[in-house]
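Commentary on secondary and tertiary structure
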Amino acid sequence: MHFDILTLFPEIFRGPLDESILKRAQESGRLTVALHNIRDYASGKHRITDDLPYGGGGGMVMKPEPIFAAVEAILAGETGVPIILLSPQGRLFTQAVAVELARYRRIVLICGRYEGVDERVREHLATDEISIGDYVLTGGELAALVIVDAVTRLLPGVLGDPGATFDDSHARGLLEGPHYTRPAVFRGWAVPEVLLSGNHAAIVRWRREQALRRTFERRPDLLERAELTAQDREFLARLKREKADTDGYKPLGPHKEPPLEHVSKSS
Ligand code: ADE
């Protein structure tokens, strides 16, 4: 996979791309990343990349010319390459979108800054617009890194184990359940017995139920789209009955609620 990333701040990418799995993916040739400084494509002595918004208002808007010039020079006529604008107004990035993007050979990512990007980039250059979540970042750079990371780990050979992404949270519509490693007892907290039982079928069922329970408790919205067996549905029905029985009683675990003094008065 080759990413072309257009940014005014290429240095932001250095640390994350130079460590761990992203670093190894590049060393093995499975991932290549070209960082393009948009300023290099701006004209004039001052290489201006932003300007005041027409109609007034605060902030600056990124000019279209350097962004068009950069994409056109980089692609050199190549077609079929997704040109993705990162912005809080884009479609939401999910695991399904990561899987979709992992099928491409090459992707262009445009990182917006300031108050925004001239609308003509969105309308006449970008083929897609993606947001990584319902919050506003200072620019698209961190969003681009999120996409590079989530897509790269899906590429064949990037993670050692070929089945490593099969049980990911979200890969099959459910959150992942808990994981444990040694010691079997830590500070008096024991690993669930079933995991030490050697009974493979029981372990598979337990893991499935843990994933269902966690999804039910934290992200019930995901259950509407998850692929569920009859056995899963029975288990969920049991959880619903349990919840109905205990509603109104909420046990407090450690760190479940912030101490009151940390709660902002305005919220
Ligand atoms: N730029 C600013 N906020 C963003 C977000 N949430 N997703 C993608 N790009 C952004």
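Remember, it's a predicted structure, so these values are computed and weren't measured experimentally.

**Examining the overall build of the protein chain**
Assigned secondary structure in the protein chain consists of nine helices and 10 strands. Radius of gyration (C-alpha) of the protein chain: 23 Å, far over the 18 Å computed for a compact globule of 267 residues. Classification of the 267 residues of the protein chain by burial places 21% in the buried group. Looking at the protein chain alone, contacts between residues at least 24 apart form 75% of all its contacts between residues at least 6 apart.

**Digging into the site of the ligand**
In the vicinity of the ligand there are 13 residues, among which Leu 86, Pro 88, Ser 131, Leu 137 and Ala 143 approach most closely. The dominant element in the shell around the ligand, judged by the number of residues it contributes, is strand 5 (residues 83–92), at three residues. Among the residues making up the shell around the ligand, the classes are represented as seven nonpolar, six polar and no charged.

**Side note on the sheet that holds strand 6 (residues 106–111)**
Judged by pairing direction, the sheet is parallel, and its five strands sit side by side in the order 2-1-6-5-8 without closing on themselves. In this open sheet, the two edge strands, each paired with only one partner strand, are strand 2 (32–37) and strand 8 (128–131). Recorded for the sheet is a direction-independent mean angle of 35° between the axes of neighbouring strands. By the bridge criterion, four bridges tie strand 5 to strand 6 in an arrangement that is parallel. Residue pairing across strands places Leu 86 opposite Cys 111, the latter belonging to strand 6. Against the sheet, helix 6 (residues 141–152) makes contact with strand 1 (2–7), strand 2, strand 5, strand 6 and strand 8, and its axis sits at roughly 160° relative to strand 6, the strand it touches most.

**Remarks on the sheet that holds strand 7 (residues 116–117)**
As summarised here, the arrangement of the three strands in space is 3-4-7, forming an open sheet in which the pairing is mixed. Bordering the open sheet on either side are strand 3 (50–51) and strand 7, each of which pairs with just one other strand. By the bridge criterion, two bridges tie strand 3 to strand 4 (residues 61–62) in an arrangement that is antiparallel. Within strand 4, the position partnered with Asp 50 by the bridge is Met 62.

**A closer look at the domain arrangement of the protein chain**
In terms of domains, the protein chain is made up of domain 1 (2–152) and domain 2 (185–248). Here the C-alpha centre of domain 2 lies 40 Å away from the C-alpha centre of domain 1.

**Observations concerning the environment of Gln 89**
Summarising the element assignment, Gln 89 is placed in strand 5. A count of 11 C-beta atoms within 10 Å places Gln 89 in the exposed class. When neighbours within four sequence positions are excluded, Gln 89 is seen to be in contact with Glu 129 and Ser 131.

**Some words on helix 6**
An ideal rise of 1.5 Å per residue puts 16 Å on 12 residues; helix 6 measures up with 16 Å between its terminal C-alpha atoms. Taken across its 12 residues, helix 6 has nine buried, putting it largely inside the fold. Taken as a whole, helix 6 has its buried residues at Glu 141, Ala 143, Ala 144, Leu 145, Ile 147, Val 148, Ala 150, Val 151 and Thr 152.

**A look at the pairing of strand 5**
When strand 5 meets strand 8, the two strands line up parallel, connected through five bridges. Bridge pairing in strand 8 links Leu 85 to Glu 129.

**Structural notes on the nonpolar core**
Among the nonpolar cores identified, the biggest contains 40 residues, and Leu 6, Ile 84, Leu 86, Leu 109, Ile 110, Ala 144 and Ile 147 are the most heavily contacted of them. The dominant element in this core, judged by the number of residues it contributes, is helix 6, at seven residues. Excluding residues that lie within four positions of it along the chain, Leu 109 makes contacts with Phe 3, Ile 5, Leu 6, Ile 84, Leu 86, Ala 144 and Ile 147.

What counts and what doesn't
- Residues numbered from 1 in each chain as written.
- Predicted model: local features only at pLDDT ≥ 70, side-chain atom pairs only at ≥ 80, totals over all residues.
- Helix = DSSP H or I, 4+ residues; strand = E, 2+ residues; numbered from the N terminus.
- Rg over C-alpha atoms; globule rule 2.2 N^0.38 Å.
- Buried ≥ 20, exposed ≤ 12 C-beta atoms within 10 Å, placed from the backbone.
- Contact = placed C-beta atoms within 7 Å.
- Near = placed C-beta within 6 Å.
- Nonpolar A, V, L, I, M, F, W, Y, C, P; charged D, E, K, R; others polar.
- Pairing = 2+ DSSP bridges.
- Axes fitted to C-alpha atoms, helices over the stretch in contact; angles between N-to-C directions.
- Domains from an automatic or database assignment.
- Expected span 1.5 Å × (residues − 1).
- Core = buried A, V, L, I, M, F, W, Y, C linked by C-beta atoms within 7 Å.

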